[in-house]
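Below are the chains, spelled out letter by letter.
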Amino acid sequence: ILRSGEETPWHFIYLNEKLSRQITDTMRPRIGNAPFVKVRVSTGRTIWQTSLFRTKDGPYLLPIRADVRAREGIQAGDSVTITCTLR
């Protein structure tokens, strides 16, 4: 988790470079060079829709909202299992 702090509404998770390349290669015909990819995400019992955002260096960032973190008890520095489905 990149950002921390209880007052921060968003935390971000970097996806690794290999996975980011696979997403770009898979989605390019649909999104062209758009800087984001729409996804359906789940962690624990929480499911939501958001977008992965491509960084200037290439990897994607996954935003995790404060309400999701609170519902799942996720805090900065925790390891979490996340499932993303491209939309």
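How each quantity is defined
- Residues numbered from 1 in each chain as written.
- Predicted model: local features only at pLDDT ≥ 70, side-chain atom pairs only at ≥ 80, totals over all residues.
- Heavy atoms only, no water.
- Helix = DSSP H or I, 4+ residues; strand = E, 2+ residues; numbered from the N terminus.
- Rg over C-alpha atoms; globule rule 2.2 N^0.38 Å.
- Buried < 20%, exposed > 50% of the residue type's maximum accessible area, 1.4 Å probe, protein only.
- Areas by Shrake-Rupley, 256 points an atom, 1.4 Å probe, with all protein chains shown as cover.
- Lys, Arg positive; Asp, Glu negative; His and termini not counted.
- Charge placed at Lys NZ, Arg CZ, Asp CG, Glu CD.
- Pairing = 2+ DSSP bridges.
- Axes fitted to C-alpha atoms, helices over the stretch in contact; angles between N-to-C directions.
- Polar contact = N/O pair within 3.5 Å; in protein donor to acceptor, adjacent residues only side chain to side chain.
- 1 Å grid on protein atoms, 1.4 Å probe; cavity = no way out; pocket = protein on both sides within 12 Å on 5 of 7 lines; lining within 4 Å.
- Points joined across faces, edges and corners; volume = space filled by probe spheres on them.
- Nonpolar A, V, L, I, M, F, W, Y, C, P; charged D, E, K, R; others polar.
- Contact = heavy atoms within 4.5 Å.
- Core = buried A, V, L, I, M, F, W, Y, C linked by side-chain atoms within 4.5 Å.

A.B. asks: Please provide a residue-by-residue account of the overall build of the protein chain, values included.
C.D. replies: Per the secondary structure count, the protein chain includes two helices and five strands. Walking the protein chain from its N terminus toward its C terminus, one meets helices and strands in the order β-α-β-β-β-α-β. Rg of the C-alpha trace for the protein chain: 13 Å, near the compact-globule value of 12 Å for 87 residues, within the 12% margin. Referenced to the eigenvectors of the C-alpha coordinate spread, the extents of the protein chain come out at roughly 35 × 25 × 20 Å. Out of the 87 residues belonging to the protein chain, those deemed buried represent 33%. Carbon and sulfur atoms form 48% of the exposed surface of the protein chain, whose accessible area is close to 5800 Å². With 14 positive and 8 negative side-chain charges, the protein chain shows a separation of 10 Å between the mean positions of the two kinds.

A.B. asks: Before we move on, could you go through the sheet that holds strand S1 (residues 10–14) and cite the residues and values that matter?
C.D. replies: Here we have five strands laid out as an open sheet, ordered S1-S4-S3-S2-S5, and antiparallel in their pairing. Either end of the sheet is taken by a strand with one partner, and the two such strands are S1 and strand S5 (83–86). Within the sheet, the average angular offset between the axes of one strand and its neighbour, ignoring direction, is 35°. With four bridges connecting them, strand S2 (residues 36–43) and S5 associate as antiparallel partners. Within the sheet, the bridge partner assigned to valine 41 lies in S5 and is cysteine 84.

A.B. asks: Would you mind going over the side chain of threonine 46 in detail, with residue names and values included?
C.D. replies: Here threonine 46 lies in strand S3 (residues 46–54). Among the polar contacts made by the side chain of threonine 46, one reaches the side chain of glutamate 72 at a distance of 2.5 Å.

A.B. asks: Give a detailed account of the layout of surface pockets, specifying residues and quantitative values.
C.D. replies: In this structure, the largest pocket encloses a volume near 300 Å³. With three residues, the single largest contributor to the lining of the largest pocket is S5. Residue composition of the lining of the largest pocket, by class: 12 nonpolar, three polar and one charged.

A.B. asks: Any chance you could break down the environment of arginine 65 for me, citing the residues and the numbers?
C.D. replies: Positionally, arginine 65 belongs in strand S4 (residues 60–65). The contact partners of arginine 65, leaving out residues within four places of it in the chain, are Pro9, Trp10, Trp48 and Gln49. Side-chain polar atoms of arginine 65 contact the side chain of aspartate 67, separated by 2.8 Å.

A.B. asks: Lay out the nonpolar core in plain terms, naming residues and giving numbers.
C.D. replies: Ranked by size, the top nonpolar core spans 13 residues in total, and within it Leu15, Ile23, Val37, Leu52, Tyr60, Leu62 and Ile64 carry the most contacts. When residues of this core are traced back to their parent elements, those giving at least two are helix H1 (17–31), S2, S3 and S4. The residues touching isoleucine 23, leaving out its near neighbours within four places in the chain, are Leu15, Val37, Leu52, Tyr60 and Leu86.

Honestly, that's just the spatial picture; any functional story needs more than this.
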